[in-house]
Amino acid sequence: MAPSSPSPAISDVAKPVTMRCRGVLFDMDGILISSLGSVERSWHTWAVSRGVDPAIAIHTAHGCRAIETVRKLRPDLDDEAELKYIEDLEVADNEGLAVLPGVRELLAALPPQRWTVVTSATQRLARIRMATAGITVPEHIVTADRVTFGKPHPEPYLKGAGILGIDPADCVVLEDSASGTKAGREAGCTVVGTTFSHSIEELAAAHYLVTDLTGISVEVLPEDQGLILHFTPLMA
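Keep in mind it's a predicted model, so treat the numbers as computed, not measured.

1. Here we look at the overall build of the protein
Phase 1: The helix and strand inventory of the protein stands at eight helices and 10 strands.
Phase 2: For a compact globule of 236 residues, the expected C-alpha radius of gyration is about 18 Å, and the protein comes in at 17 Å, within 12% of that figure.
Phase 3: Structurally, the protein occupies a C-alpha span of about 55 × 35 × 30 Å along its principal axes.
Phase 4: By the burial criterion, 51% of the 236 residues in the protein qualify as buried.

2. Overview of the packing of helix α1 (residues 36–49) against helix α2 (residues 54–61)
Phase 1: Put simply, α1 and α2 touch, their axes get as near as 8 Å, and they point 130° apart. Relative to α2, the element α1 lies oblique. Crossing handedness for the pair α1 and α2: right-handed. Along the contact surface, α1 presents Glu40, Trp43, His44, Trp46, Ala47 and Val48, while α2 presents Pro54, Ala57, Ile58 and Ala61.
Phase 2: For the contact of α1 with α2, the class distribution of residues is eight nonpolar, one polar and one charged.

3. As for the packing of α1 against helix α4 (residues 79–92)
Phase 1: At a closest axis distance of 9 Å, the pairing of α1 and α4 adopts a crossing angle of 140°. Classified by the angle their axes make, α1 and α4 are oblique. As α1 packs across α4, the resulting crossing turns out to be right-handed. Residues Ser38, Val39, Ser42, Trp43, Thr45, Trp46 and Ser49 of α1 form the contact with α4, whose participating residues are Glu82, Tyr85, Ile86, Leu89 and Glu90.
Phase 2: Among the residues forming the contact of α1 with α4, the class breakdown is six nonpolar, four polar and two charged.

4. Digging into the pattern of salt bridges
Phase 1: Per the stated rule, a full pass over the model turns up 16 salt bridges.
Phase 2: Between glutamate 87 and arginine 124 there is a salt bridge whose closest N-O contact spans 2.9 Å. One end of the pair, glutamate 87, is in helix α4; the other, arginine 124, is in helix α6 (residues 123–133), and 37 residues separate them in sequence.
Phase 3: On the accessibility criterion, glutamate 87 (11% relative accessible area) is buried.
Phase 4: Aspartate 145 is the partner of arginine 146 in a salt bridge, and the nearest nitrogen-oxygen pair spans 3.8 Å.
Phase 5: A network of salt bridges, in which partner residues are shared, links Lys84, Glu87, Asp88 and Arg124.

5. Thoughts on the sheet that holds strand β1 (residues 17–21)
Phase 1: Ordered in space as β1-β10-β9, the three strands form an open sheet in which the pairing is antiparallel. Of all the strands in the sheet, the pair left with one neighbour each is β1 and β9 (217–220). Strand-to-strand twist across the sheet, computed as the mean angle between neighbouring axes with direction ignored, equals 20°.
Phase 2: Pairing analysis gives five bridges linking β1 to strand β10 (residues 227–231), with the strands arranged antiparallel. Note that in β10 the partner of threonine 18 across the bridge is histidine 230.

6. Examining the environment of serine 34
Phase 1: When you line up the elements, serine 34 lands in strand β3 (residues 33–34).
Phase 2: A sequence separation of 64 residues divides serine 34 from alanine 98, and the C-alpha atoms of the two residues are 5.3 Å apart.
Phase 3: Those residues in contact with serine 34 that sit more than four places away from it in its chain are Gly96, Leu97, Ala98, Leu100 and Phe196.

Thresholds applied
- Residues numbered from 1 in each chain as written.
- Predicted model: local features only at pLDDT ≥ 70, side-chain atom pairs only at ≥ 80, totals over all residues.
- Heavy atoms only, no water.
- Helix = DSSP H or I, 4+ residues; strand = E, 2+ residues; numbered from the N terminus.
- Rg over C-alpha atoms; globule rule 2.2 N^0.38 Å.
- Buried < 20%, exposed > 50% of the residue type's maximum accessible area, 1.4 Å probe, protein only.
- Axes fitted to C-alpha atoms, helices over the stretch in contact; angles between N-to-C directions.
- Parallel < 35°, antiparallel > 145°, perpendicular 65-115°, else oblique.
- Left-handed = near helix turned anticlockwise from the far one by under 90°.
- Contact = heavy atoms within 4.5 Å.
- Nonpolar A, V, L, I, M, F, W, Y, C, P; charged D, E, K, R; others polar.
- Salt bridge = Lys/Arg side-chain N within 4 Å of Asp/Glu carboxyl O.
- Pairing = 2+ DSSP bridges.

This is the structure in structure tokens:
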């Protein structure tokens, strides 16, 4: 991977970036689709029913596996049973689900074998959400129930690179959460964070920041030489 900038740090001047890579790893919620309403309503319901402050539950849940949120907030409960409960709540609530700006265009420009999804949602929830949004779901994706350790641990993105058969150093991660940007960076990927759900300060682990995916274009190199991404990062 060859960013045009000599340093991977977030730019303090908004200069165009030309980045060569071989694969792209997308987070789902907050990157491909907006399901913020469903997430917050579902966790609010769970929290009220379990005697937890809803604001704390919602904040803790963002970007993390549900089962780990349960373990943090109610370690006395059966985590698998609670996971099923919150998963059922989220599956049933698709109100306001929408594809985020720039997603359809970027996915259409990428060869299918060059991208996949790495999400903290379960396999069932992720596939239902993407299908409902009208996004073609890759055959193999990384979900909460396919890893031992969730974000911010690097395992999810290491597995995502493995699915593509690409070295993590040759992958670009697109993320919107603090835990996700940390996971991508720890995995050795180049991380582009969006400011959809977190502040610039919370996304310090990202190498670059953008508002959304609308400004990212992709050039597919001939003879399986990889990809070139073009975008202009936000000023730090």
